Every structure is written in structure tokens, then in C-alpha cells.
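# Coordinates in review
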Amino acid sequence: MKPLLIQDGHIIDPSRGIDEIGSLLITEGKIAWLGKGEAAPPQPHFATLHAQGLIVCPGFIDLHCHLRQPGFEEKETIATGSRAAARGGFTTICCMPNTKPPLDNHFTINYVNSLALSQGVVRVLPIGCISKERKGEELAPMPELVSSGVIAFSDDGSPVMNTDLMCHALEHTRKLGLPLIDHCEDTVLSDGGVMNEGTISSQLGLKGIPAAAEEIMVARDLSLAHLTGARLHIAHVSTAGSVDLIRRAKDKGVKVTAEVTPHHLTLTEEKVIGYNTNAKVNPPLRTEQDIQALIQGLKENIIDAIATDHAPHTEAEKLVEFALVPFGISGLETALGSLLTLVHNGQLTLTTLISKLTHQPAKIIGDKYGKLGSLEIGAPADVTIFDPDMEWIVDTKAFASKGKNTPLAGSTLKGKVIATIVQGKLVYKDDSITVKES
Ligand SMILES: [Zn+2]
């Protein structure tokens, strides 16, 4: 692989407090040199990418996506999902185990790992099931799943309703040293719900999912994390009440981290008006007040990371009656563009945003795969380059993802990924730039 010089970009690496115009040299898949003004160390043959006016930062890390393989290849595959990730600036993605068969055994996890190596273009890290077949009845063979390389455990999509089983799961994950990623939903309370419970659900005549359905489980599992000392990671936080609960738990020293999705930060339940099935997502889009609490949570580090919960479905599945449509938004390719709205509006700094997409999720994964989320010398050369001001129209036909299900279709976003580099290899490049060989 030829060395690559990324020249004169605006380098932002929150892990090291770097925010300056400079150049970055990549050799042998690793970050080799970072300099400001001075010439890069000479290389016999190298490629140059001119990054004037562009942001150069560590590659984005997505702690939560659904790649659907094995079992639901009509929705997504590791090949298409990882290409969607590359287009979205993500260099590492963690895939949820709700496949068919689910990732509750080493055979299936090894299959995902081998597909990731042969067909993936970004680093794909699997998450193992908490319970066998995700049924919430009996624990999965967790140590076996750790040997297969899972980075966390989750029954995402299905909460673990049995409190005793959840308590045992946390005792095991504590011993194994991995986080448990928690889909918080009291399914008795949310049963039959299809959108946020409130005035709009009443007007539309749709059954609502109250904020309490999430918050009850957040409270229960924070209490269990306190009891067991385990690492709990709350997935897709969507309500102001959950942010408050996590804040109090962090104050008490509970080992909890949390993530929020781009859609819960930027879209409200109003998107559902007109029975827009592409806005049907679980947890549901909430209110402006929830959005403000989630943004505040990011600023105060109550919420550690932004994760897409990329959930592709086929067009046919989203064309049926609202109540019957599966939950989910295809989110990898629009994540940056929609999140930059918060920066353009002055609600979040660019550095905070990048930190929530890079070194903060990296801390949750740990150092097993090298120093992720950082441009430190010697770290894997995972780099994302983007233009924060370039406007583009979301055209789902151009998506690499098979999932065209997004409420953002046809809207204009400001901010676009220009290049994505994984371990020194250019895996995505926008047509607006050329890489010069010398
Ligand atoms: Zn979930």
C-alpha cells in the first residue's frame, strides 16, 4: 500500500486536543506523522489528497447498527451495510445480534467475522446476544462469545424483561469485562404502540409508546448496574427523563455510558404526521423538549456517544399500513449531514460532535483493536474527511445501503463526507476530489 499524504486540512482530533490546519501522513496502514506547516518526511512514492477547506478527523465509530446478515439479506448485507458506513464516514461499526440465526453462538459470529473480512470495507465488530435466541429466558454462552470476538452483549430490539436474568447477565458481563448494551423498553407498557404517546398520537388515532416505557427500564437497569458493579451502556436514549436518570446514576458512580441517535437529536414526532412510515422507529421520535435534554446530555457527557441504530428494511415492508410496518431508519449515510445541523445552529460545537463519533465510542470498545478514534502516531489509520458546508440532497437511490427507509429522503443536508480511510486504505471518495499519485 502506497503512503498517503493528506495535505493542509483542518485537523480535529478531540482525543488529543488537536484543532489546527495541518497535514497527516499514513504509511503501512498507520498514522505515521502529523505536522503543521512543515513539510512531511520524504517518501519515494506516495499519493496526495489535498484537503484545503475540509475537516480531517479520526474515523467515525458506530456502536449500534443492524447489518441483517445472516438471515435478512433482502434488507442489508455486510457488503452493502459496510459500504453505506464508508459513505457515511464510519470506519468501525458494531453490528447487533438480531440476525437469523442470532449471534448467540460462535458459529454464527465466526461467519459474520469471515464475511466482514472477505466482503466488508470497514471494520465490523459483532455484538453477542445476552440470551439464547434473544428470548430473554436463558443466558447465551457468554465466555464462548467473547472468544469469538464480540465487543459487547445485547438483545437489542428485545428488552430483557426478566429482572433476575438481567441481574445474572450483568454479573457475567462484569466478570468478562465487557459492556452490556441495553435496549430499554417495558414491553407491557409499550405493547401495541407505534409512535410517541402524546397529542399527535391521539390526533392520528395511533397507539402511543409513553416515555415511561423507556424510563422504567432505564431506572431498573441502572439500579442493577449499581448492585452488580457491571458496565451498562444505554442504547438509543430518547427521553428527557432517561437523561435525568443517567445523570443521577453517573453522579453516584454507577458504571454507565449512553448513546443517542442522529434522528432522536434532530427529528420530532411531528415527522409521523401523514402516517409517514419512514418515521416509524423504536424508540419513537419524541418532542422538542426531549431533543433539548438530549443535546444538553451530550454537552455534559451524560450521553457519551452518538450511534446510528441503522435499521434498514425493504421498500415493500415500509409500504403497508402504519401499524404493521417494522420500526427503523436507514441512518448510516445521513448521520453526519443531519448531525451537522446542530453545529450550524450553534447547539453543539464541531469538536463535541466529532468527539461523540470518535474517541468517546472508542473508549467503550476498548483497545483490543488498537487505538481507535484517535490520530495518535502508530494508531490504525482510520480517517474521515468531510466538508462541513457542502449542501446535498438526500437521494436514497444513490445509497449504498439496501435500506431506503429514511424520513430525510429528498431533504437538503449541509455537510458531506468527502473521503473515508480504513487502515490506510481509501474505501470511499466523493467525486469532488482527486487523489494525486507521485
Ligand atoms: Zn434497540
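We now turn to the structure provided with this report. (Residues numbered from 1 in each chain as written. Predicted model: local features only at pLDDT ≥ 70, side-chain atom pairs only at ≥ 80, totals over all residues. Heavy atoms only, no water.)

## Here we look at the sheet that holds strand 8 (residues 123–126)
Spatially, three strands are ordered 6-7-8 in an open sheet, and the strand pairing comes out parallel. Lying at the two open borders of the sheet, with one neighbouring strand each, are strand 6 (60–65) and strand 8. Across the sheet, the mean angle from the axis of one strand to that of its neighbour is 20°, orientation sign disregarded. Relative to strand 7 (residues 90–95), strand 6 runs parallel, the two sharing four bridges. Across the sheet, F60 pairs through a bridge with F90, a residue of strand 7. (Pairing = 2+ DSSP bridges. Helix = DSSP H or I, 4+ residues; strand = E, 2+ residues; numbered from the N terminus. Axes fitted to C-alpha atoms, helices over the stretch in contact; angles between N-to-C directions.)

## Here we look at the coordination of the zinc ion
Bound to the zinc ion are the protein donor atoms D156 (OD), H183 (ND1) and H236 (NE2), situated 2.0 to 2.3 Å from the metal. Positions of the donor residues of the zinc ion along the chain correspond to the pattern D-x26-H-x52-H. Of this pair, H183 sits in the loop between strand 9 (180–182) and helix 5 (187–190) while H236 sits in the loop between strand 12 (232–234) and helix 8 (240–252), and the two are 53 residues apart along the sequence. For the pair formed by H183 and H236, the shared burial category is buried. (Donors = N, O, S within 2.8 Å, 3.2 Å for Na, K, Ca; no water. Buried < 20%, exposed > 50% of the residue type's maximum accessible area, 1.4 Å probe, protein only.)

## Focus: the nonpolar core
Judged by nonpolar contacts, the single largest core of 79 residues is most densely connected at I93, I234, I246, L265 and F386. By residue number, the principal contributor to this core is helix 11 (residues 335–344), which donates six residues. Among residues more than four places away in sequence, those in contact with I246 are V218, L222, I234, V237, V256, A258 and I302. Membership of the second largest hydrophobic core comes to 22 residues, among which are I18, L34, A379 and V383. (Core = buried A, V, L, I, M, F, W, Y, C linked by side-chain atoms within 4.5 Å. Contact = heavy atoms within 4.5 Å.)

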